[in-house]
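Topology and contacts: notes
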Amino acid sequence: MWCPKCKSEFRDGVTFCVECNTPLVEKLPQEVDISPVENKVAVLNNMDSRDNLHALSDGSSAYVEKNVKYEDMKSTAYSFLLVGTCGIVLLALIYTGVFPLQFAEYMKYMMTFVIGGMFVAFLAIGVRSYKKLADLKEEAVVEQKNKQAAKEWFFENYSARAVDVSAEVNSSDELQQKYFLRSSHMKNLLHRQFPDYEDSFLDYLIEQFYEELYPQD
């Protein structure tokens, strides 16, 4: 048996921790990585106010939304396909004499194999990027569903006050300490409910939920 508060182990038959007076559990919940939260607290320690947290969150988050990745990939695919196609067509027109540019014979071969090869590479990148669009679009849909499921569950079960009580946040705590206690506790709650969610995705969700729970901070 284990104490969920102080992590002490007890023999079978004991039901309460003698130190914390907390009911024992058969096994401790799985720990999650809270280092991103700790890193942000370290940055916050050097800030004068909580007003900078929004900028900090936007600039330091390692997670990129699947929809953003999809739009970036689409832009890459269309750009490379357009440049590659136009380049090859232009070379073909020059080589066949439609555009009567005067080149030495060796220059034509150079343009065909060197510059033409470059445009073929552009086409290949464009095609490869285009093939990934369908998967990214599907992932974006799944991500949105996962985000909605997590948000509905969390806000149905927890309020700002409930998080503060369960995370043992005191009104006298420094802003940085409040942020650390709340965020790490929220991450553990979400991890237990949604164990398949990526760690970086949990951090992303916490930033979103934190802003809604504590807008006054």
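These notes cover the structure that comes with them. Being a predicted model, the structure only gives us computed values, none of them experimental.

1. Structural notes on the packing of helix H6 (residues 175-193) against helix H7 (residues 199-213)
It is at 10 Å that the axes of H6 and H7 come closest, and there the two elements cross at 125 degrees. It follows that H6 is oblique to H7 by the angle criterion. For the crossing formed where H6 meets H7, the hand is right-handed. Where H6 approaches H7, its residues Lys178, Tyr179, Arg182, Ser183, Met186, Lys187, Leu190 and His191 are matched on the opposing element by Asp199, Leu202, Asp203, Leu205, Ile206, Glu207, Phe209, Tyr210 and Leu213. Residue composition of the contact of H6 with H7, by class: nine nonpolar, two polar and six charged.

2. Digging into the pattern of salt bridges
With the rule as written, the count across this model stands at five salt bridges. Residues Lys74 and Glu71 are paired through a salt bridge, measuring 3.7 Å at the closest nitrogen-oxygen approach. Pair noted here: Lys74 and Glu71 are both in helix H3 (residues 66-95), with a separation of three residues, about one helical turn. Measuring nitrogen to oxygen at the nearest pair gives 2.9 Å for the salt bridge that ties Lys187 to Asp203. With Lys187 in helix H6 and Asp203 in helix H7, the pair connects residues that are 16 residues apart, well separated along the chain. Where salt bridges share partners, they join Lys187, Asp199 and Asp203 into one cluster.

3. Re H6
Along its 19 residues, H6 runs 27 Å from first to last C-alpha, staying within 8% of the 27 Å computed at 1.5 Å per residue. For H6, the buried fraction is high: 14 of the 19 residues fall into the buried class.

Parameters and conventions
Residues numbered from 1 in each chain as written. Predicted model: local features only at pLDDT ≥ 70, side-chain atom pairs only at ≥ 80, totals over all residues. Heavy atoms only, no water. Axes fitted to C-alpha atoms, helices over the stretch in contact; angles between N-to-C directions. Helix = DSSP H or I, 4+ residues; strand = E, 2+ residues; numbered from the N terminus. Parallel < 35°, antiparallel > 145°, perpendicular 65-115°, else oblique. Left-handed = near helix turned anticlockwise from the far one by under 90°. Contact = heavy atoms within 4.5 Å. Nonpolar A, V, L, I, M, F, W, Y, C, P; charged D, E, K, R; others polar. Salt bridge = Lys/Arg side-chain N within 4 Å of Asp/Glu carboxyl O. Expected span 1.5 Å × (residues − 1). Buried < 20%, exposed > 50% of the residue type's maximum accessible area, 1.4 Å probe, protein only.

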